[in-house]
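Summary of structural features
Letter by letter, the chains look like this.
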Number of protein chains: 2
Amino acid sequence: MTAYAILGTGALGGLYGGLLARAGHEVHFLLRSDYDHVRQHGILVDTTLGDFHLDQPNIYRRACDMPKVDVAIVAWKTTQNDALATTLNCVCHSETVVLVLQNGLDVERPAAEVVGENQVLGGCCFLCCNKVGPGHIRHMDYGRITFGEAGREHAGRITNRMQAIVADFRTAGIDIQPAADFTAVRWRKLAWNIPFNGLSVVLDADTNQVMSDPAASQLAEDLMHEVQLSAAACGSMVEESEIRKLLEDTRKMVPYDSSMRLDYLARRPIEVESIFGNPLRAAIDAGYVPAKIEMLYHQLRFLDERNRGTESPNSI
Amino acid sequence: MTAYAILGTGALGGLYGGLLARAGHEVHFLLRSDYDHVRQHGILVDTTLGDFHLDQPNIYRRACDMPKVDVAIVAWKTTQNDALATTLNCVCHSETVVLVLQNGLDVERPAAEVVGENQVLGGCCFLCCNKVGPGHIRHMDYGRITFGEAGREHAGRITNRMQAIVADFRTAGIDIQPAADFTAVRWRKLAWNIPFNGLSVVLDADTNQVMSDPAASQLAEDLMHEVQLSAAACGSMVEESEIRKLLEDTRKMVPYDSSMRLDYLARRPIEVESIFGNPLRAAIDAGYVPAKIEMLYHQLRFLDERNRGTESPNSI
């Protein structure tokens with residue numbers, strides 16, 4: 001049986017790790033601030049897939065107390081990557097696969113530097129899910145994971161180890177999709193994250209406020225097109241029909257506060273480099289300068305830096 | 001003797017009109033919210049040029065009660081231009097010259113549509129001055145007016161009527177400079193107003209916060225260069241040395257809240273169209289798209305629109 005480690009038991013790690021554990025898989029959870037609470041009360045997951053409670057999950061406060069696993073899932077935010085190398089060295093053996101479920105571009109690199117790029121997979125999660133209290137996850141909508149190989153050795157292939165992960169996740173009721181060209185999936189997710197995460201912070205606005213204002217929705221669309229041109233410069237395609245659909249879906253969505261805005265308002269660091277800086281630098285290296293993405297990046301760097309002046313402790 | 005009308009007795013109108021009146025010129029002030037206070041207490045001006053008080057200035061609540069004048073000075077903000085046509089029709093005879101002392105580009109056009117472009121002059125004021133109470137003006141620093149002819153008939157010339165205005169203003173102690181190529185002066189002022197007024201609102205930051213942050217100061221510089229390229233597309237030159245000097249002066253300036261930020265925080269309308277929309281459209285018409293100015297314009301339109309939801313009454 002495949003053993004899983006969930007590195008960061010927040011909304012995303014709690015949901016997917018919880019579903020795997022409920023289905024009987026071996027799952028080891030790394031926690032920080034919620035450790036004592038979960039030790040006493042377990043993990044509670046409200047989900048459209050059927051609410052459940054894990055009474056005695058395998059939980060750890062320190063990575064070095066965890067066993068070696070077959071699949072290590074990086075589920076914390078990129079802003080919490082400081083502990084990544086130490087943690088992976090604790091939980092990985094030479095065959096361990098690291099699945100990075102973080103937002104942005106090039107987010108597999110830090111894990112690849114520790115375990116080698118051919119042991120790393122990357123995934124994008126399309127889900128509405130929040131941690132509403134210690135050890136308490138609320139999953140509201142969506143939930144698909146699309147993932148693929150990050151290293152050159154396996155590039156463009158759906159490998160056996162991917163198929164094994166798909167099988168485990170599907171027995172747990174998780175919507176998971178393997179992708180041969182995973183980089184295109186990352187760019188497609190960025191086509192939403194860059195305008196709506198970014199503008200939600202700079203304009204202090206939810207999706208509905210942005211989409212119902214002519215100037216702000218025009219800007220969101222301009223930013224999407226810059227993501228499309230950046231992707232094209234880097235060799236990935238984001239279809240125009242995809243952009244139209246993202247805009248239309250967002251227009252119809254219930255007003256949604258991006259997790260980046262929630263982090264910003266709670267004075268937690270925001271993922272400026274992975275979601276904005278990395279795609280910007282990739283585009284510039286490929287010969288295209290996305291001027292509005294660059295401006296958004298500079299605005300967010302300023303706001304994040306000022307916000308950190310009164311930072312509250314991370315909780316993962 | 002030349003008769004002057006001051007249309008809008010705020011910081012700028014109160015200062016320059018007050019100085020002219022103190023020097024013995026015939027000055028007629030149009031007021032709205034401060035009328036009753038000024039009728040009782042006069043106008044008080046604290047200025048580096050020597051504090052003074054006008055006991056009984058010629059004041060009017062309604063433009064139609066004012067006499068026809070030789071020079072009508074438009075001293076309110078472009079956001080208060082609704083009353084412009086009515087007001088000019090009241091105070092102008094066929095030879096009246098209208099001097100528009102407003103920020104932005106193409107701000108002479110509304111006056112030109114009323115009195116004809118060849119009767120209009122435009123001016124830029126470089127000054128630190130606030131209205132600190134009803135009929136109470138505080139002038140802190142700078143004060144130069146640079147102005148020129150706005151109409152095609154007199155384009156590129158320093159006309160006799162300009163010389164007459166220069167003479168009157170200088171007897172009143174005002175630093176005034178006639179310019180043959182006045183449009184270049186407007187672009188040079190925009191090279192400061194666009195980055196620092198705009199970012200002060202979007203980032204909720206004073207000049208010092210912008211200049212001391214690497215990302216925000218880079219963005220300010222990028223925006224200045226877009227103003228430079230916009231000016232060039234429209235046939236005006238902003239020298240690179242001018243940009244370096246503006247940045248250096250702003251870095252050394254005491255932390256300064258732009259009047260646009262003060263207006264925004266007080267929930268008054270901000271001058272989005274004259275300072276951002278007009279230069280943007282001029283550049284695009286000339287074949288250059290300043291992407292970051294366009295983005296700032298869309299952000300400010302969104303913020304201004306939302307801010308107007310709880311607008312407080314104008315006071316001019």
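Regarding the confidence of the model for chain A
Residues of chain A with pLDDT of at least 70 account for 98%, and the chain-wide mean is 95. ipTM for the predicted complex: 0.88, alongside a pTM of 0.90.

With respect to the relation of the copies chain A and chain B
Between chain A and chain B, which share one sequence, the superposing operator has a rotation angle of 180 degrees and an axial displacement of 0.1 Å; the RMSD is 0.0 Å. Between the two chains, the operation in question is that of a two-fold axis. The share of interface residues of chain A whose copies in chain B are also at the interface is 100%, consistent with both copies meeting through the same surface.

Comments concerning the pattern of salt bridges
Residue and element names in this part refer to chain A. Using the criterion set out here, one finds 40 salt bridges over all chains in the structure. For Arg244, the salt bridge identified is with Glu221, shortest N-O distance 3.1 Å. Of this pair, Arg244 sits in helix α9 (residues 240-252) while Glu221 sits in helix α8 (residues 214-233), and the two are 23 residues apart along the sequence. Note that Lys292 is salt-bridged to Asp222, the shortest N-O span being 3.0 Å. With Lys292 in helix α12 (residues 291-308) and Asp222 in helix α8, this residue pair connects regions lying 70 residues apart in the sequence. Residue classification places Asp222 among the buried positions, given a relative accessible area of 16%. Three or more residues joined by partner-sharing salt bridges are found here, namely Lys77, Asp263 and Arg268.

Some points on unusual backbone geometry
Trans is the common state for peptide bonds, and a negative phi is the common state for residues other than glycine. At Asp204(A), a position not held by glycine, the phi torsion is positive, near 50 degrees. Assessed through its relative accessible area of 37%, Asp204(A) is described here as partly exposed.

Observations concerning helix α1 (residues 11-22) of chain A
Residue and element names in this part refer to chain A. With 12 residues, α1 should cover 16 Å at 1.5 Å per step; its first-to-last C-alpha distance of 16 Å lies within 8% of that length. Burial of α1 is extensive: 10 of the 12 residues sit out of reach of the surface. Within α1 the residues assigned to the buried category are Ala11, Leu12, Gly13, Gly14, Leu15, Tyr16, Gly17, Gly18, Leu19 and Leu20. Two residues or fewer after α1 comes Gly24, characterised by a positive phi angle close to 95 degrees.

Examining the interface of chain A and chain B
How big an interface is tends to be expressed through the accessible area that disappears when the partners come together. Contact with chain A, which involves 25 residues of that partner, is made by 25 residues of chain B. Residue Glu294(B) pairs with Lys292(A) through a salt bridge whose shortest N-O separation is 2.4 Å. At the boundary of chain A with chain B, the tally comes to 7 residue pairs in polar contact (both at pLDDT 80 or more). At the level of secondary structure, the elements contributing two or more residues to the side of chain A that touches chain B comprise α6 (182-202), α8 and α12 of chain A. Sort the elements by how many residues they give to the side of chain A that touches chain B and α12(A) lands first, with 12 residues.

Observations concerning the packing of helix α6 (residues 182-202) of chain B against helix α8 (residues 214-233) of chain B
Residue and element names in this part refer to chain B. Across the interface, α6 lies against α8 with an axial gap of 9 Å and an inter-helix angle of 145 degrees. Two packed elements cross with a definite hand, and for α6 against α8 that hand is right-handed. From α6, Trp187, Leu190, Ala191, Ile194, Pro195, Phe196 and Leu199 reach across to α8, where they touch Ala216, Leu219, Ala220, Leu223, Met224, Val227, Ser230 and Ala231. Across the contact of α6 with α8, the residue classes break down as 14 nonpolar, 1 polar and no charged.

Side note on the packing of α6(A) against α9(A)
All names here are of chain A. Relative orientation of the contacting elements α6 and α9 amounts to 45 degrees, with a least axis distance of 10 Å. Judged on the interaxial angle alone, α9 and α6 are oblique. Taken as a pair, α6 and α9 cross one another with a handedness that is right-handed. Side by side, α6 and α9 meet where Arg188, Ala191, Trp192 and Phe196 of the first sit next to Glu242, Leu246 and Thr250 of the second. Classifying every residue of the contact of α6 with α9 by side-chain character gives 4 nonpolar, 1 polar and 2 charged.

Notes on the packing of aromatic side chains
Scanning all chains against the criterion turns up 4 aromatic pairs over all chains. With a centroid separation of 6.0 Å and 70 degrees between ring planes, the pair formed by Tyr4(B) and Phe169(B) is classed as edge-to-face. Here Tyr4(B) is found in strand β1 (residues 3-7), whereas its partner Phe169(B) is found in helix α5 (residues 160-171), with 165 residues between them in sequence. The same class applies to Tyr4(B) and to Phe169(B), which are both buried. Geometry around Trp76(A) places Arg32(A) over its ring, the cationic atom sitting 6.0 Å from the centre. Taking the ring centre of Phe126(B) as reference, the NZ or CZ of Lys189(B) above it sits at 5.4 Å.

Considerations on the nonpolar core
Judged by nonpolar contacts, the single largest core of 78 residues is most densely connected at Leu296(A) and Leu296(B). If sequence neighbours within four positions are ignored, Leu296(B) has contacts with Met295(A), Ile194(B), Gly198(B), Leu199(B), Val202(B), Leu223(B) and Phe276(B).

Re the side chain of His154(B)
Residues and elements named next belong to chain B. Among the secondary structure elements, His154 is positioned in the loop between β9 (136-149) and α5. Accessibility expressed as a relative area gives 11% for His154, which makes it buried. Within the structure, the side chain of His154 is placed 3.2 Å from the side chain of Arg161, a separation counted as a polar contact. If sequence neighbours within four positions are ignored, His154 has contacts with Asn118, Glu149, Thr159 and Arg161.

Each value, and the rule that gives it
- Residue numbering note: each chain is counted from 1, following its sequence as written.
- Here every chain gets a letter starting at A, and every ligand a number starting at 1, in the order they are written.
- Selection of residues for local features in this predicted model requires a pLDDT of at least 70, selection of side-chain atom pairs for listing and counting requires 80 or more, and totals for whole chains, interfaces and linings are taken over all residues.
- By convention in this description, side-chain values take in all heavy atoms of the structure and omit both hydrogens and water.
- pLDDT gives the predictor's per-residue confidence on a scale running from 0 to 100.
- Fitting of the copies onto one another was done by least squares over C-alpha atoms, counting residues only where both copies have pLDDT of at least 70.
- Here a residue-residue contact requires only that any non-hydrogen atoms of the pair lie within 4.5 Å.
- Between Lys or Arg on one side and Asp or Glu on the other, a salt bridge is scored when a side-chain nitrogen of the former is within 4 Å of a carboxyl oxygen of the latter.
- Starting at the N terminus, helices and strands are each numbered in turn, a helix being any DSSP run of H or I of at least four residues and a strand any DSSP run of E of at least two.
- Using a 1.4 Å probe on the protein chains alone, a residue whose accessible area is under 20% of its type maximum counts as buried, one over 50% counts as exposed, and one in between counts as partly exposed.
- How far a helix is expected to stretch is found by multiplying one less than its residue total by 1.5 Å.
- Polar contact criterion, stated in full: a pair of N or O atoms within 3.5 Å, where within protein one must be able to donate a hydrogen and the other to accept it, and residues adjacent in sequence count only if both atoms are side-chain atoms.
- Only the contacting stretch of a helix is used when fitting its axis, a line to C-alpha atoms as for every element, and angles between N-to-C directions run 0 to 180 degrees.
- The hand of a helix crossing depends on one turn: near helix anticlockwise from the far one by less than a right angle means left-handed, and clockwise means right-handed.
- Only Asp, Glu, Lys and Arg are considered charged, only Ala, Val, Leu, Ile, Met, Phe, Trp, Tyr, Cys and Pro nonpolar, and every remaining residue, Gly among them, polar.
- Oblique is the label for any angle not under 35 degrees, not over 145, and not in the 65 to 115 range, which are roughly parallel, roughly antiparallel and roughly perpendicular in turn.
- The pairing test for Phe, Tyr and Trp rings, Trp by its six-membered ring, is centres within 6.5 Å, and the orientation test on the planes gives stacked under 30 degrees, edge-to-face over 60, and tilted for anything in between.
- Consider the ring centre and the ring normal. A charge sits over the ring if Lys NZ or Arg CZ is within 6 Å of that centre and within 35 degrees of that normal.
- Buried Ala, Val, Leu, Ile, Met, Phe, Trp, Tyr and Cys residues that are joined via side-chain atoms within 4.5 Å together make up what is termed a nonpolar core.

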